[in-house]
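Structure assessment
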Amino acid sequence: MFQLHERLAADTHHLGYSRLCEILLMNDSTWPWIILVPAVPDIREIYQLNHKQQVRLLEESSTLGQGMMELFGGDKMNVAALGNMVPQLHLHHIVRFEGDPAWPGPVWGKQPPVPYEGAALVQVKEKLKPLLHHLA
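Going along each chain's sequence as written, the residues are numbered from 1 onward. Per-residue local features of the predicted model are confined to residues with pLDDT of at least 70, and side-chain atom pairs are confined, for both listing and counting, to 80 or more; whole-chain, interface and lining totals are unaffected and use all residues. Neither water nor hydrogens contribute to the side-chain values; these are computed over all heavy atoms in the structure.

The subject of this paragraph is the sheet that holds strand S2 (residues 21-26). Any two strands are treated as partners once DSSP identifies two or more bridges connecting them. Runs of H or I in DSSP of at least four residues are treated as helices and runs of E of at least two as strands, each being numbered from the N terminus. Taken in spatial order, the five strands of this open sheet run S1-S2-S3-S5-S4, and their pairing is antiparallel. With one partner strand each, in any of the chains shown, strand S1 (12-17) and strand S4 (76-80) form the two edges of the open sheet. When the angles between neighbouring strand axes are averaged without regard to direction, this sheet yields 25 degrees. Pairing of S1 with S2, which is carried by five bridges, proceeds in the antiparallel orientation. The residue bridging Tyr17 from the neighbouring strand is Glu22, located in S2. Every axis corresponds to a line fitted to the C-alpha atoms, with the helix fit spanning only the stretch in contact, and the corresponding angles, defined between N-to-C directions, vary from 0 to 180 degrees.

Structure follows, in structure tokens:
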């Protein structure tokens, strides 16, 4: 049975589900940052998914990345599946902007997260609704 890793649950806001994944918003308002977590138990690596799941993950990741770039007008889309801190397979999708606090380096460890406040969280969720509908 699939269960979201407790670290992901603690660091994110749940946005919904796609056909394959749980969709999470990273609780850091510095960057538009969404995480796809394949709802498949005991998976650490993409190659552990079956072929159909791998294709579906790529489709969902591509749709999400393109949609986020269109919504937020970024300069670069960073997609990463590191898993060094959280072993459960998850794909980060981070819209980057030239001149953002970590540019051009990675976002990890650059600064403490800036959690979403009430109105900002509602606003970003509303902005993402059409994109999330395409992933369902």
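The next subject is the environment of Gly99. In this structure, Gly99 sits in the loop between strand S5 (91-96) and helix H3 (118-135). When a residue's accessible area, from a 1.4 Å probe over protein chains only, is under 20% of the maximum for its type it is buried; when over 50% it is exposed; and in between it is partly exposed. By relative accessible area, Gly99 is classed as exposed at 68%. On a C-alpha basis, the gap between Gly99 and Asp75 in space is 9.9 Å, while along the polypeptide they are 24 residues apart.

Another point: the packing of aromatic side chains. Aromatic rings from Phe, Tyr and Trp, with only the six-membered ring used for Trp, were paired whenever their centres fell within 6.5 Å, and each pair was classed as stacked if the ring planes differed by under 30 degrees, edge-to-face if by over 60, and tilted otherwise. A full pass over the atoms with the stated rule returns two aromatic pairs. Each member of the aromatic cluster is reached from another via a ring pair, and the members are Trp31, Trp33 and Trp108.

Let us now look at the pattern of salt bridges. Here a salt bridge means any side-chain nitrogen of Lys or Arg lying within 4 Å of a carboxyl oxygen belonging to Asp or Glu. Counting across every chain of the model gives five salt bridges. Measuring nitrogen to oxygen at the nearest pair gives 2.9 Å for the salt bridge that ties Glu60 to Arg56. Placement of the pair is Glu60 and Arg56 together in helix H2 (residues 51-72), with a separation of four residues, close to one helical turn. Each member of the pair, Glu60 as well as Arg56, is classed as buried. A salt bridge links Glu126 to Lys129, with the nearest nitrogen and oxygen atoms 3.3 Å apart. On the criterion of helical spacing, the pair formed by Glu126 and Lys129 is a turn pair, its members being three residues apart in helix H3. Judged by relative accessible area, Glu126 falls into the partly exposed class, the value being 47%. Residue classification places Lys129 among the partly exposed positions, given a relative accessible area of 48%. It is possible to trace a salt-bridge network through shared partners that takes in Arg56, Glu59 and Glu60.

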